[in-house]
Structures are given as structure tokens and as C-alpha cells.
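Listed below, chain by chain, are the residues.
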Amino acid sequence: MFLVKYLRYSFDFKNIFNYVNEKTWKVILYFVILSFIAIFPSNYKIISEQGWRLDFIEESFMAETPTWDLPDQCTIIGGTFECNTNTETILTHLDITFVFNAQEGREALDQKTILFYKDKIVYQNAEGDYMIGSNYQGFTDVLSFRELDLMQGEEKALAYKEFGAQIEASFGSYIVLYSVLVNTVTTLGTYILYLVLLGLILQLFRFGYSNFMNYLQSIKFLVFLMGVPTLIGFVVGMIEPAFGAVLFQFSMGIIAMLVMLFYGKKYFA
């Protein structure tokens, strides 16, 4: 399989200039696979930490404790929102609207909204995008709104802080998926930009040689050099993800320059 062959190329620095005419689509596929390997440690950390937090709900409760009169006949228990009435309670805190005991079929609001349905919790932003958390997975303990209403002072502030954290945790699966996608796309874009710029820098060697690789060939050359940096970035990234990404790009540039210095003259006069 060509991917195994390309992996061997990545460690054959002495002859690596012989491979710059490989098919472009194969080299692109090889680049994507190596990039995913290099990105894996940071994605693994995101998954293990349950994604990037929404934060704004908990922070809004920390910034100012709500002075609500919650529907005291309602409770979140066993993954459901239990209430002995069909009446909705709509309350606002800072710039977020909370709809407790939301009924199916209601019209969406054109603002940040948290909707508490019987078996799910929904977050909707002002543009109409939404996330759904099923079965109130962030609420591991029973939450009685009556008890929350009766609390005072610091006890109430801490309870609302925990309430905000539980709301955010209910969107765990969405947050993890979103975090992984954003991290992957962002990091992959960074790698592409880095290759583009490093490829331009390599073209400066034209001034020292009568013949040299064209720009596309220099990009393929850099992709084949990604083997060692990917391995270094992966190993270090499993220990410290942020440092692994930095080391990947740093070692990529160093290896490219060393290969040019040691073996460039053999191929370019």
C-alpha cells in the first residue's frame, strides 16, 4: 500500500528528493493522515476532559445570583423534569432566558434560551442554532426547585453555581463533538498554512542553485518530512498536548533545513 511506502520515504532523508514527483492526491491523503495522528493527543485530552465547557451559564450565575421565584412544584430527578402542572415558567437572568417545564411544540425564541422539557434540555442561541441534552445527564443528584428557592446568601449562590455547571454538563456529547471538530479543523488549518509558508521559504534556495524544485514539489518534499515530527509530536503530545503541537512544527522546520543543507547539493547544482 502506498501509505506504507510513503512512511518509509519519511525516514529516508538521503533520497527524499527522489520522491517529489509522487501523485499529488496520494501525498495529500498522506498529509491528512499524518496530521490526524499529530492532532490525536489534543483530541484525546478534549475527550477525556469532556470537551471545552460552555462556561457562560455557570459564569452568569457566579457573576450574579438569580433572584427568581422558581416553580416550586418542579424537580429534576432520574433524568426527567417532573412537574405537576403544564404551565411554563419563563425567567430571565442577564442575557439568557430560561423556560422551565417547556411544552412540546412551543415557538422558538430569537434569543439565548435554555428550555427544560420533560426528558431533555435544549440550548438555543439568537441565530436559531441549538443543542440538545437528553435525559438531564448532567444532573446526577435530585434537584428540588422548592429547596433552591428557600436557600439564602452564600448557600444559594453556591447552589446556583452548581446548577449552572449541571446545565452545561447536560450538553456533554455535543460539547465534546464540537470541541474535537473545532480543534481538528483549526489545527489542520494551521498545519496547512505552515506548509504553505515553509514551502515559500524553501523557494529561496533557488538563488543558490541553477535548478531546484518547483513550489508543488517543495510541498510534497515537506509532507514526506512530516514522519519524524509527527512521531515526536505524538509522543510528547500524549504527555503535554500543547507542547507536542509546538514541537511538531519546530522539528519540521529544523529537519527541512538540515536535509537541504546536507543533501541538497547532491540533487541541485
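Coordinates for the structure precede this section.
Residues numbered from 1 in each chain as written. Predicted model: local features only at pLDDT ≥ 70, side-chain atom pairs only at ≥ 80, totals over all residues. Heavy atoms only, no water.

1. Digging into helix α1 (residues 2–9)
Okay, so step 1: For α1, every residue scored as buried is listed here: Phe2, Leu3, Tyr6 and Tyr9. Along the axis of α1, the buried residues cluster in a sector spanning 105°; they form a single face. (Buried < 20%, exposed > 50% of the residue type's maximum accessible area, 1.4 Å probe, protein only. Helix = DSSP H or I, 4+ residues; strand = E, 2+ residues; numbered from the N terminus. Arc of directions from axis to C-beta.)

2. Points about empty space enclosed by the protein
Okay, so step 1: Taken as a whole and assessed by the stated rule, the structure comprises one cavity of 30 Å³ or more.
Okay, so step 2: Put simply, the largest cavity is a space of about 30 Å³.
Okay, so step 3: Lining the largest cavity we find Phe31, Tyr191, Tyr194, Leu195, Met226, Phe248 and Met252.
Okay, so step 4: Looking at the lining of the largest cavity, the elements with two or more residues in it are α6 (172–202) and α9 (241–267).
Okay, so step 5: By residue number, the principal contributor to the lining of the largest cavity is α6, which donates three residues.
Okay, so step 6: Broken down by class, the residue content of the lining of the largest cavity amounts to seven nonpolar, no polar and no charged. (1 Å grid on protein atoms, 1.4 Å probe; cavity = no way out; pocket = protein on both sides within 12 Å on 5 of 7 lines; lining within 4 Å. Points joined across faces, edges and corners; volume = space filled by probe spheres on them. Nonpolar A, V, L, I, M, F, W, Y, C, P; charged D, E, K, R; others polar.)

3. Topic: the packing of helix α8 (residues 227–239) against α9
Okay, so step 1: Where α8 meets α9, the closest approach of the two axes is 7 Å, and the angle between their N-to-C directions is 160°. Put simply, α8 runs roughly antiparallel to α9. Here α8 runs over α9; the crossing is right-handed. The segment α8 lies against α9, with Val228, Pro229, Thr230, Ile232, Gly233, Val236, Gly237 and Ile239 engaging Pro241, Phe243, Gly244, Leu247, Phe248, Ser251, Met252 and Ile255.
Okay, so step 2: Counted by class, the contact of α8 with α9 contains eleven nonpolar, five polar and no charged residues. (Axes fitted to C-alpha atoms, helices over the stretch in contact; angles between N-to-C directions. Parallel < 35°, antiparallel > 145°, perpendicular 65-115°, else oblique. Left-handed = near helix turned anticlockwise from the far one by under 90°. Contact = heavy atoms within 4.5 Å.)

4. Looking at the sheet that holds strand β2 (residues 80–83)
Okay, so step 1: The three strands lie next to each other as β2-β1-β8, forming an open sheet whose pairing is antiparallel. Strands at the two margins of the open sheet, each flanked by one partner only, are β2 and β8 (143–144).
Okay, so step 2: Sheet topology note: the strand β1 (residues 74–77)/β2 ladder contains four bridges and is antiparallel. The partner of isoleucine 77 across the bridge, within β2, is threonine 80. (Pairing = 2+ DSSP bridges.)

5. Section: the sheet that holds strand β3 (residues 89–93)
Okay, so step 1: Across the sheet, five strands lie side by side as β3-β4-β5-β6-β7; this open sheet has mixed pairing. Each end of this open sheet is capped by a strand with a single partner; those strands are β3 and β7 (130–134). Across this sheet, the average inter-strand angle for adjacent strands is 15°, counted without regard to direction.
Okay, so step 2: Here four bridges tie strand β4 (residues 96–100) to strand β5 (residues 113–116), and the two strands are oriented parallel to one another. Bridge pairing in β5 places phenylalanine 98 opposite isoleucine 114.

6. Comments concerning the packing of aromatic side chains
Okay, so step 1: In total, this model carries 34 aromatic pairs according to the counting rule given.
Okay, so step 2: Geometrically, the ring pair formed by phenylalanine 61 and phenylalanine 163 is stacked, given 6.0 Å between the ring centres and 15° between the ring planes. Placement of the pair is phenylalanine 61 in helix α3 (residues 56–63) and phenylalanine 163 in helix α5 (residues 153–169), with a sequence separation of 102 residues. Neither residue differs from the other here; phenylalanine 61 and phenylalanine 163 are each classed as buried. (Phe/Tyr/Trp six-rings, centres within 6.5 Å; stacked < 30°, edge-to-face > 60°.)

7. Focus on unusual backbone geometry
Okay, so step 1: Even without a glycine there, the phi angle at asparagine 101 is positive, about 65°.
Okay, so step 2: Its relative accessible area of 9% is what places asparagine 101 among the buried residues.

Interpretation in functional terms is not warranted from these geometric data alone.
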